[in-house]
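Residue-level structure breakdown
Chain by chain, the residues:
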Amino acid sequence: MNKSLLGKGWSPTQKLGKKICVVPSDRCFVKVEKAISQKLSDLRDYYQLEVSEKFGQVEWDVSLHGDLAILGVYKNFEGEDCWDIDLEIFSLARVLHLLGVDGCVLDLGRRKSTLVCVEGGILSRYRVLLRGGDYLNSLIDPEEPQKAERLKIEKGLELKEVEDGLQGILSNLRVDANTPILLSGGGARLKGLRQLFSRLIENPYCQPEYTGAFGASLKYVVKTPYPDFVKRELSPEELRWAGFSLVGGLLLFGLAYFGTERLWSVEPLREKEKTEFKKLFPNAPLVGVSEQVLSKASKEESFQLSQKLYELSTKLSPDLKIYSLEFSKDSLLVKGEGKEEVVRGLSPKSVKKTPSGTLEFELELR
């Protein structure tokens with residue numbers, strides 16, 4: 001996809017970008033339900049136990065959309081040279097979101113069939129069946145699959161074996177012929193298939209075989225609330241530089257302000273003063289600029305967040321992973337994960353053992 005930052009639009013492109021691997025639907029588990037909390041950290045704690053008990057050591061993520069929690073899990077998937085991953089269920093749902101319609105995507109593949117339905121622009125349900133084109137071939141001629149494939153392409157639903165087999169697939173997927181349907185996958189070209197549905201959705205952007213890949217390519221183009229499986233980790237070096245940059249920026253601004261006001265006439269500098277102030281503090285009103293700068297650059301200013309970040313950077317080691325920072329009043333709450341012997345040395349506020357043997361921790365700096 002080509003994305004225009006100025007026009008806030010996008011268009012298909014033939015250029016190669018970063019590779020996003022799509023996890024097949026039969027290796028995914030997705031759940032959409034009412035959220036127990038509006039804090040993402042609480043949701044992660046809640047689903048950690050459920051996922052480990054049901055699936056063991058797997059990759060998972062959760063997101064929050066209004067009052068809904070969206071959980072995504074995948075296993076037994078090793079993509080090659082993947083810059084990012086996307087679950088096929090989310091990829092297919094994202095296409096309907098782009099087209100601006102509610103309905104279902106019926107993806108008929110070679111070894112499986114998937115139904116993904118969207119209501120109100122959000123995934124509502126899905127179903128996966130391990131029967132696809134190869135299964136239909138086995139009904140036509142189990143001894144000669146190549147011959148069966150040729151007959152299936154030539155005659156489609158004219159063959160009773162194909163018609164009966166397909167009806168069985170649709171029944172198991174609980175497909176409603178009156179629901180708007182987007183046909184996807186190689187099986188979408190099956191002769192006579194389109195006549196089974198009264199309300200077909202058309203996708204003008206790609207061929208049916210590429211629907212899943214197209215949906216994955218929209219991951220960073222079309223805003224959807226699905227989990228992205230991106231671990232947000234802050235290193236000790238990043239924390240240290242964040243603290244230094246914040247303090248240094250304010251000090252440089254203060255020095256520039258006091259030096260220029262004493263060397264040149266006041267009036268020409270007022271406009272420059274306001275311009276620079278707006279760059280550094282875009283949300284502050286342009287009223288009493290001098291007083292605001294003095295209060296921000298005062299020697300008595302504590303710069304609490306900067307100090308807490310610097311203090312935190314001195315406590316951390318490369319063995320720790322930091323997932324979130326929350327600053328409120330004079331307290332910095334840090335959440336992360338690390339080896340038990342390292343975490344215990346931090347004197348954390350609370351700890352929780354993970355299935356891999358590490359400790360998740362909360363550290364509070366006051």
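Structural data are supplied above this passage.
Residues numbered from 1 in each chain as written. Predicted model: local features only at pLDDT ≥ 70, side-chain atom pairs only at ≥ 80, totals over all residues. Heavy atoms only, no water.

1. A short note on the overall build of the protein chain
Looking only at helices and strands, the protein chain features eleven helices and 15 strands. Across the 366 residues that make up the protein chain, the buried fraction comes to 40%. Taking the contacts inside the protein chain whose residues are at least 6 apart along the sequence as the reference set, 56% of them involve residues at least 24 apart. As displayed, the protein chain offers around 21,200 Å² of accessible surface, 52% of which is attributable to carbon and sulfur atoms. (Helix = DSSP H or I, 4+ residues; strand = E, 2+ residues; numbered from the N terminus. Buried < 20%, exposed > 50% of the residue type's maximum accessible area, 1.4 Å probe, protein only. Contact = heavy atoms within 4.5 Å. Areas by Shrake-Rupley, 256 points an atom, 1.4 Å probe, with all protein chains shown as cover.)

2. Comments concerning the pattern of salt bridges
Summed over all chains, the structure comprises 18 salt bridges. As a salt-bridge pair, D26 and R111 come within 2.9 Å of each other at their nearest N and O atoms. Separated by 85 residues along the polypeptide, D26 in the loop between β3 (20–23) and β4 (28–34) and R111 in the loop between β8 (103–108) and β9 (113–119) bring together distant segments of the chain. D26 sits in the partly exposed class, given a relative accessible area of 28%. When salt bridges with common partners are traced through the structure, they connect K31, E33, E50 and K54 into a single cluster. (Salt bridge = Lys/Arg side-chain N within 4 Å of Asp/Glu carboxyl O.)

3. Notes on helix α1 (residues 40–55)
Given a rise of 1.5 Å per residue, 16 residues ought to cover 22 Å, and the 21 Å separating the end C-alpha atoms of α1 matches this to within 8%. When the local axis directions of α1 are compared, the greatest deviation, roughly 30°, occurs at Y47. Of all the positions in α1, only S41, L43, Y47, Q48, E50 and V51 are classed as buried. Just beyond α1, the residue with positive phi is G56, at close to 80°. (Expected span 1.5 Å × (residues − 1). Bend = angle between axes of the 7 residues up to and from the residue.)

4. Section: the sheet that holds strand β11 (residues 181–184)
Taken in spatial order, the four strands line up as β10-β9-β8-β11 in an open sheet, and their pairing is mixed. The open sheet terminates on both sides in strands that have one partner only, identified here as β10 (122–129) and β11. Each adjacent strand pair in this sheet contributes to an overall mean axis angle of 15°, direction not counted. Examined bridge by bridge, β8 and β9 share six bridges and lie antiparallel to one another. Pairing of C104 across the sheet is with C117, part of β9. Along the sheet face, helix α2 (residues 88–99) touches β8, β9, β10 and β11 and points at about 45° away from the line of β9. Where helix α5 (residues 160–173) meets the sheet, it contacts β8, β9 and β10, and its direction lies at approximately 135° from that of β10. (Pairing = 2+ DSSP bridges. Axes fitted to C-alpha atoms, helices over the stretch in contact; angles between N-to-C directions.)

5. Thoughts on the packing of aromatic side chains
With the rule as written, the count across this model stands at seven aromatic pairs. A centroid spacing of 4.9 Å and a plane angle of 80° characterise the contact between Y46 and Y47, whose relative ring orientation is edge-to-face. By relative accessible area, Y47 is classed as buried at 2%. Pairwise contacts between aromatic rings join Y74, F77 and F229 into one cluster. (Phe/Tyr/Trp six-rings, centres within 6.5 Å; stacked < 30°, edge-to-face > 60°.)

6. Observations regarding the sheet that holds strand β6 (residues 68–74)
A sheet is described by the order of its strands in space; here three strands give the open sequence β4-β6-β5, paired in antiparallel fashion. Each end of this open sheet is capped by a strand with a single partner; those strands are β4 and β5 (59–65). The sheet shows a mean angle of 15° between the axes of neighbouring strands, taken without regard to direction. Bridge analysis of β5 against β6 gives seven bridges, and the strand direction is antiparallel. Looking at the pairing, E59 lines up with Y74 of β6. This element, α1, spans β4, β5 and β6 of the sheet and lies at about 145° to β5. Against the sheet, α2 touches β4 and β6, its axis set at about 60° to β4.

7. A few points about a nonpolar patch on the surface
A contiguous nonpolar patch, built from W83, Y220 and V230 and spanning about 300 Å² of accessible area, is present on the exposed surface. With a relative accessible area of 33%, V230 lands in the partly exposed category. (Patch = residues over 30% accessible without salt bridge, like charges linked within 9 Å, V, L, I, M, F, W, Y side chains within 5 Å.)

8. Topic: the side chain of K335
Mapped onto the elements, K335 comes out in strand β13 (residues 331–338). One polar contact links K335 to S41, side chain to side chain, over a distance of 2.8 Å. In contact with K335, not counting residues within four places along its chain, are S41, I322, Y323, S324, E326, F361 and E362. (Polar contact = N/O pair within 3.5 Å; in protein donor to acceptor, adjacent residues only side chain to side chain.)

9. Considerations on the environment of D102
With respect to the helices and strands, D102 occurs in the loop between α2 and β8. Since its relative accessible area comes to 39%, D102 is described here as partly exposed. In contact with D102, not counting residues within four places along its chain, are V118, E119, G120, G121, P180 and I201. In terms of polar contacts, D102 uses its side chain to reach the backbone amide nitrogen of G120, at 2.8 Å. A distance of 3.2 Å separates a polar atom in the side chain of D102 from the backbone nitrogen of G121.

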